[in-house]
Amino acid sequence: QVQLVESGGGLVQAGGSLRLSCAASGRTFSSYTMAWFRQAPGKEREFVAAISRGGGSTNYADSVKGRFTISRDNAKNTVYLQMNSLKPEDTAVYYCAAGWSTSARPYEYHTWGQGTQVTVSS
């Protein structure tokens, strides 16, 4: 079973950028699709982006299209989320997840990281 650890969160001003990383343990990382979700206080967990096993296919939430980019490096067992033009409404805890498809549905992912806080000030 893979274990996931996120990093790279922090405080940034609106319009700024952050890059999140999610490091996976184990030798099966390339077997899984990977995704990023986020959860703001008082709200449900929300899909952000997903990437296929080889990285050739991606899926984005409409709210982040054109601003966020998901990528992966299977040699480093790491998935990334480059976030540009950040807005205050992007403030949330960001989680990476491993699954079997590039679905936007949280229940289709079997392994989750502990999350990293992203705060965007106005």
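Whatever comes next refers back to the structure up there.
Please read all numbers here as calculations on a predicted model, not as lab measurements. (Residues numbered from 1 in each chain as written. Predicted model: local features only at pLDDT ≥ 70, side-chain atom pairs only at ≥ 80, totals over all residues. Heavy atoms only, no water.)

Considerations on the overall build of the chain
Part 1: Scanning the chain for helices and strands turns up 0 helices and 11 strands.
Part 2: When the helices and strands of the chain are read in sequence order from the N terminus, they spell out β-β-β-β-β-β-β-β-β-β-β.
Part 3: For 122 residues, the compact-globule estimate of 2.2 N^0.38 gives 14 Å, and the C-alpha radius of gyration of the chain, at 13 Å, lies within 12% of that figure.
Part 4: Principal axes of the C-alpha set define a box for the chain whose edges measure 40 × 25 × 25 Å.
Part 5: Excluding contacts between residues fewer than 6 apart, the proportion of contacts in the chain whose partners are at least 24 apart in sequence is 57%. (Helix = DSSP H or I, 4+ residues; strand = E, 2+ residues; numbered from the N terminus. Rg over C-alpha atoms; globule rule 2.2 N^0.38 Å. Contact = heavy atoms within 4.5 Å.)

Focus on the sheet that holds strand β8 (residues 78-83)
Part 1: Spatial ordering of the open sheet is given by β1-β3-β8-β7, a layout of 4 strands whose pairing is antiparallel. The open sheet has two edge strands, β1 (4-7) and β7 (68-73), and neither has a second partner. For this sheet the average axis-to-axis angle between neighbouring strands, irrespective of direction, equals 15°.
Part 2: Inspection of the sheet shows β7 paired to β8 by 6 bridges, in the antiparallel sense. (Pairing = 2+ DSSP bridges. Axes fitted to C-alpha atoms, helices over the stretch in contact; angles between N-to-C directions.)

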